[in-house]
Amino acid sequence: MQNSLLAKYSGAVPRYTSYPTAPHFHEGVDCGKYAQWLQAITAKERISLYLHIPYCDRLCWFCACHTKHTLKYEPIAIYLESLKKEIAAVGALVSRDATVTAVHFGGGSPTMLRHDDMIDLMATLRAAFRFADDVEISVEMDPNDLDEARYDALAAIGMTRASLGVQDFHPEVQKAINRIQTFEQTKSVVEAVRARGVRSVNCDILYGLPHQTEATVAETVKDILSLAPDRIALFGYAHVPWMKKHQTMIREDVLPGLEERFSQMSLAAAMLVEAGYEPVGIDHFALPTDSMAIAAREGRLRRNFQGYTDDAAEALIGLGASSIGQLPQGYVQNMPATGEYQRMADAGGLAAVRGVEVSQDDKLRRRVIEEIMCRFAVSFPDLRSEFGNAVDAIVEEARAFAQSNQDRICLIEDDRFVITEGGRPFARTIAAVFDSYLSTGKGRHSIAV
Ligand SMILES: C[S@@+](CC[C@H](N)C(=O)[O-])C[C@H]1O[C@@H](n2cnc3c(N)ncnc32)[C@H](O)[C@@H]1O
Ligand code: SF4
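All figures in this text were calculated on a predicted structure; none of them were measured in a lab. (Residues numbered from 1 in each chain as written. Chains lettered and ligands numbered in written order. Predicted model: local features only at pLDDT ≥ 70, side-chain atom pairs only at ≥ 80, totals over all residues. Heavy atoms only, no water.)

K.L.:
What am I meant to see in the overall build of the chain here?
P.N.:
Counting its regular elements, the chain contains 15 helices and 19 strands. For the chain, whose C-alpha radius of gyration is 21 Å, the value lies close to the compact-globule estimate of 22 Å for 449 residues. Its C-alpha atoms give the chain principal-axis dimensions of roughly 60 × 50 × 40 Å. Among the 449 residues that make up the chain, the fraction classed as buried is 56%. (Helix = DSSP H or I, 4+ residues; strand = E, 2+ residues; numbered from the N terminus. Rg over C-alpha atoms; globule rule 2.2 N^0.38 Å. Buried < 20%, exposed > 50% of the residue type's maximum accessible area, 1.4 Å probe, protein only.)

Written out as structure tokens, the structure reads:
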């Protein structure tokens, strides 16, 4: 990779887990509007629920998630009471005939929940919504949290997918990010969840962390491969200390530079492909038998707030502090501050504080951006069949960008806008070309590679 290309296309751009992106949410979408959107969910629609648990019993210095460090359980117990109230309030507005096809527990660390609380939370969800028989239940797991009672609770709620945070196994890297987690510990969690019927295991690994080199990344990838996870997410460390104060604990002089980040990412990707994993979107890899790889092959891969997904639900409902929902009318976000969220939920109502309604132009641009992020190509005829003549202007934008691009990161081929092999690492930057909000300058993002 030429350094000039890296420098040119690795500027700070959004991750495009939504369009419009979160900095463009506004207070015009409030609880009243959200209630109308929830009531409009029809009996035919599939619902995906996302529950946010904003607590961890360790604070990893690299972490950009919305979470709080606590060694006490009491704040979690109090939070769960509020969460259950919000579940009841949302459930009361949604048609009982709409079906929940997926539930995702994210955080933070949902694995901090005690056995009885996990079971109670699931019972609350089942009382508030109608569940499909084959509902997918996925849980983000901190391997540091697990014990037999928690494994049993996860089995009892019917967990089908587990996602483990790993990051890196090298001791010097772990020390620098304040996250100590041995390979043996990780292996025992993978084995335990598989023994309890989980059919898809994901591991998150990172490149671009302090002290990481190609050699340490290769070691971590080798170790991960020995566990044969069904999916692997390979994320670039997003260093955003202006947003996450604890990231200032990470010394910037030991962070790999842009070229080194790129080499680490390329090496890890090559090792995963060599081992039989299929690349999915910009940062996921899956065994050919995994549903995400199948969805990618069949053109069904999608991108939402949880990143890449094969979930086809029409309505994504976010529950808990800071959670974001995606409904046909637009996006909605709950109050991020936990205390304030609890006050709103305890009052018996919803906790939405901002969002954005999506216009027809937003939907068109969202489709283009999703196609770029998921399939590295945009078919103009497909776009036209969905949006009619409204696509003319965006087709012109795509043609003009491809034709003016001397670096061949994208081109026009058979009435399609295609990201070339060399352009794939810059998919976020290319997607940003079609983002009509970016020029308003709201939001500060992490680098694209
Ligand atoms: C909610 S955590 C995973 C579950 C659990 N809390 C744990 O850490 O094991 C979500 C994932 O986001 C990724 N992540 C967090 N902060 C990040 C950052 N600054 N840059 C890139 N990825 C990050 C990590 O790979 C992490 O595993
Ligand atoms: S990486 Fe996971 S365990 Fe660590 S602080 Fe972030 S959410 Fe919590």
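K.L.:
Just to check I follow, could you spell out the packing of aromatic side chains for this structure?
P.N.:
For any pair of aromatic rings, geometry is given as the distance between the ring centres together with the angle between the planes. Tallying each qualifying case throughout the model produces 8 aromatic pairs. Geometrically, the ring pair formed by F25 and Y331 is stacked, given 5.9 Å between the ring centres and 15° between the ring planes. Remark: Y331 occurs in strand β15 (residues 330–334) and F25 occurs in the loop between α1 (3–9) and α2 (31–39); sequence separation between them is 306 residues. What makes F25 buried here is its relative accessible area of 6%. Judged by centre distance (5.7 Å) and plane angle (90°), the ring pair of F305 and Y331 falls under edge-to-face. Of this pair, F305 sits in the loop between β11 (302–304) and β12 (307–309) while Y331 sits in strand β15, and the two are 26 residues apart along the sequence. Under the relative-accessibility criterion, F305 is labelled partly exposed at 23%. (Phe/Tyr/Trp six-rings, centres within 6.5 Å; stacked < 30°, edge-to-face > 60°.)

K.L.:
What is the right way to read the environment of V368 from this model?
P.N.:
Relative to the helices and strands, V368 resides in helix α12 (residues 360–375). Among the residues examined, V368 registers a relative accessible area of 3% and is labelled buried. Setting aside residues no more than four positions away along its own chain, V368 makes contact with V378, L383, I394 and F434. (Contact = heavy atoms within 4.5 Å.)

K.L.:
I'm lost on the pairing of strand β14 (residues 324–327) in this one. Help?
P.N.:
Put simply, side chains in a regular strand alternate between the two faces of the sheet. Across the two faces of β14 the burial is the same, with I324 and Q326 and G325 and L327 all buried. Across 4 bridges, the pairing between β14 and β15 is antiparallel. If you follow G325 over to β15, its bridge partner there is V332. Where β14 folds back on β15, the antiparallel hairpin that results is connected by 2 residues. (Pairing = 2+ DSSP bridges.)

K.L.:
How should I be thinking about the nonpolar core in this particular structure?
P.N.:
Buried together is how nonpolar side chains tend to be arranged in soluble globular proteins. F105, L125, F129, I317 and F417 are the most contacted members of the largest nonpolar core, which has 124 residues in total. By residue number, the principal contributor to this core is helix α3 (residues 74–93), which donates 7 residues. Two domains each put at least three residues into this core: domain 1 (21–357) and domain 2 (360–440). In terms of nonpolar packing, the next biggest core, distinct from the first, is built from 9 residues, F62, V173, Y237 and I250 among them. (Core = buried A, V, L, I, M, F, W, Y, C linked by side-chain atoms within 4.5 Å. Domains from an automatic or database assignment.)

K.L.:
Hey, could you run me through the site of ligand 2 in this one?
P.N.:
Near ligand 2 you find C56, R58, C60, F62, C63, G108, S109, D142 and R179, and these make up its full shell. For the shell around ligand 2, the class distribution of residues is 4 nonpolar, 2 polar and 3 charged. (Near = heavy atom within 4 Å. Nonpolar A, V, L, I, M, F, W, Y, C, P; charged D, E, K, R; others polar.)

K.L.:
What exactly am I supposed to notice about the site of ligand 1 here?
P.N.:
Taken together, 21 residues form the shell around ligand 1, and within it F62, Q167, R179, D204 and A238 come nearest. A distance of 3.0 Å is found between a nitrogen atom of ligand 1 and a backbone nitrogen or oxygen belonging to G108. Within the contact set of ligand 1, a nitrogen atom lies 2.9 Å away from a backbone nitrogen or oxygen of A238. Relative to its free-state accessible area of 560 Å², ligand 1 is covered by the protein chains to the extent of 90%. Among the elements of the structure, β5 (130–141), β6 (161–167), β7 (200–207) and β8 (231–236) are those that each provide at least two residues to the shell around ligand 1. Taken together, the residues of the shell around ligand 1 break down into 10 nonpolar, 7 polar and 4 charged. (Polar contact = N/O pair within 3.5 Å; in protein donor to acceptor, adjacent residues only side chain to side chain. Areas by Shrake-Rupley, 256 points an atom, 1.4 Å probe, with all protein chains shown as cover.)

K.L.:
Help me understand the side chain of D311, please; the structure alone is not making it clear to me.
P.N.:
If you trace the backbone, D311 turns up in the loop between β12 and β13 (315–319). Lacking a salt bridge, the buried D311 has R302 as its closest oppositely charged neighbour, with an N-O distance of 6.3 Å. A distance of 2.6 Å separates polar atoms of two side chains, one belonging to D311 and the other to S48. Not counting chain neighbours up to four residues away, the residues in contact with D311 comprise S48, T101, A102 and R302. (Lys, Arg positive; Asp, Glu negative; His and termini not counted. Salt bridge = Lys/Arg side-chain N within 4 Å of Asp/Glu carboxyl O.)

K.L.:
Would you mind showing me how to read the packing of helix α4 (residues 115–128) against helix α5 (residues 148–156) here?
P.N.:
One can describe the packing of α4 onto α5 by two numbers: an axis separation of 8 Å at closest approach and a directional angle of 15°. In this view, α4 runs roughly parallel relative to α5, as classed from their interaxial angle. At the point where α4 passes α5, the crossing takes the right-handed sense. Note on element contacts: α5 touches α4 through A149, D152, A153, L154 and A156, opposite H115, M118 and I119. Here the contact of α4 with α5 is composed, by residue class, of 6 nonpolar, 1 polar and 1 charged. (Axes fitted to C-alpha atoms, helices over the stretch in contact; angles between N-to-C directions. Parallel < 35°, antiparallel > 145°, perpendicular 65-115°, else oblique. Left-handed = near helix turned anticlockwise from the far one by under 90°.)

K.L.:
Mind showing me how you'd approach the side chain of S138 here?
P.N.:
Here S138 is to be found in strand β5. The class of S138 is buried, set by a relative accessible area of 13%. Excluding residues within four positions of it along the chain, S138 makes contact with V103, H104, F105 and R161.

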